[in-house]
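If you want the building blocks of each chain, they are given just below.
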Amino acid sequence: LSVPPEEQQPEYVYRRIHPHGWNARKNRPKESAFLARPDAGLSVFRADSRSPRQVLQHGIDVAKQMLASPDEEARRRGEKQLSDFGDTVERWVKNGWRVVRIPISAFTERGFTLDDPDAEGHQNVYGQYVLHSVDLVDIAEVLTEEECLA
Amino acid sequence: MSKPVIAQSDSRVKEVLREIEEYTALDADWDLEGAQPVDRGAADLAARLAELVDVNARQREVPWQTPVVGPVADGGIALTWEGTNRRVLTITRPGQPLALECVRKEANSPPVQQTVSVDGAMELALWALSGE
């Protein structure tokens, strides 16, 4: 029996790339964009439940939530994010934020594990980031500004 | 007669040093994923490596390509050195003043990770830059 076409579709995740993680010279992410803290996962979003625009909007929402924090330092950091990059997806893209698309298999084939996505399609990837960051830079498909804004 | 080493360092590495210094001003959580501020010691070690590679590349007549500089979420600095077919990632870490994590990658070969001294990292960077 042949596999139904929809089950043959590769699965992807999106990763939001901060301007400091973007290599403008080569139009690709920097290796540092894939180096999570040792005690944390790499933050990604399921491509079948979130659009690139929603992935960027999620970052803006996080910054806005920080404004409501009881912690003064967190409020200041939230204000700085919105001051530096704006409060719309259009401004974030204009100010250098990007989104890349990565096949889930690129992680699993290298021994990474993914936790279950939450209601927003967000999940964390755990594995040998340092060893594989160079490969992930090459594998990541860079979305155009238009694709990020669609 | 050997050439004076430090005096040769000029503008081609200054941009790298400026970018490293710029990252030391980042706040905690600059990436909205819980990043730590860049550690002063990690930044200084990255700057030292960049200057060493610059000077030694001149002495050995290795072609120069400006490394890609990036802040790392744990407070380190990553420098990526790339030649035609080789790439080396060097990472300085907070609290590790003498050691760097490195990944070297040659076209069509799997990446190899190792921990090295700053001199070892410099040799790896030159290996990448000299790659045909």
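Quick look at the structure, then.

The rules we used
- Residues numbered from 1 in each chain as written.
- Chains lettered and ligands numbered in written order.
- Predicted model: local features only at pLDDT ≥ 70, side-chain atom pairs only at ≥ 80, totals over all residues.
- Heavy atoms only, no water.
- Helix = DSSP H or I, 4+ residues; strand = E, 2+ residues; numbered from the N terminus.
- Rg over C-alpha atoms; globule rule 2.2 N^0.38 Å.
- Contact = heavy atoms within 4.5 Å.
- Areas by Shrake-Rupley, 256 points an atom, 1.4 Å probe, with all protein chains shown as cover.
- Pairing = 2+ DSSP bridges.
- Axes fitted to C-alpha atoms, helices over the stretch in contact; angles between N-to-C directions.
- Expected span 1.5 Å × (residues − 1).
- Polar contact = N/O pair within 3.5 Å; in protein donor to acceptor, adjacent residues only side chain to side chain.

### Remarks on the overall build of chain B
In terms of helices and strands, chain B carries three helices and five strands. Reading chain B from its N end, one meets helices and strands in the order α-α-β-β-β-β-β-α. The globule rule puts the C-alpha radius of gyration for 132 residues at 14 Å, and the 15 Å found for chain B is close to it. Principal-axis analysis of the C-alpha atoms places the extent of chain B at approximately 45 × 40 × 20 Å. Within chain B, residue pairs in contact and separated by at least 24 positions form 52% of the contacts whose partners lie at least 6 positions apart. Only carbon and sulfur atoms are counted for the fraction: they give 50% of the accessible area of chain B, which is about 5900 Å².

### Remarks on the sheet that holds strand E3 (residues 86-92) of chain B
Pairing in this open sheet of five strands is antiparallel, and the strands run E1-E2-E3-E4-E5 (chain B) from one edge to the other. A strand with exactly one partner marks an edge of an open sheet, and here the two such strands are strand E1 (68-71) and strand E5 (112-116) of chain B. Strand after strand, the sheet turns through a mean of 20 degrees between neighbouring axes, direction not considered. Note: E3(B) against strand E4 (residues 100-106) of chain B, seven bridges, orientation antiparallel. By the bridge assignment, Val88(B) is partnered in E4(B) with Arg104(B). Packing against the sheet, helix H6 (residues 129-139) of chain A makes contact with E3, E4 and E5 of chain B, and its axis sits at approximately 130 degrees to E3(B).

### Description of helix H2 (residues 40-60) of chain B
Helical geometry: 3.6 residues make up each α-helical turn, so side chains three or four residues apart lie on a common side. All names here are of chain B. The first and last C-alpha atoms of H2 sit 30 Å apart over 21 residues, in line with the 30 Å expected at 1.5 Å per residue. Those residues of H2 that are buried lie in contact with helix H1 (11-23), strand E2 (77-82), E3, E4 and helix H3 (118-129). Of the residues that open H2, the one with a side-chain oxygen 3.0 Å from the backbone nitrogen of glycine 41 is aspartate 39. Taken from the residues just after H2, glutamate 61 is the one with a positive phi, measuring 55 degrees.

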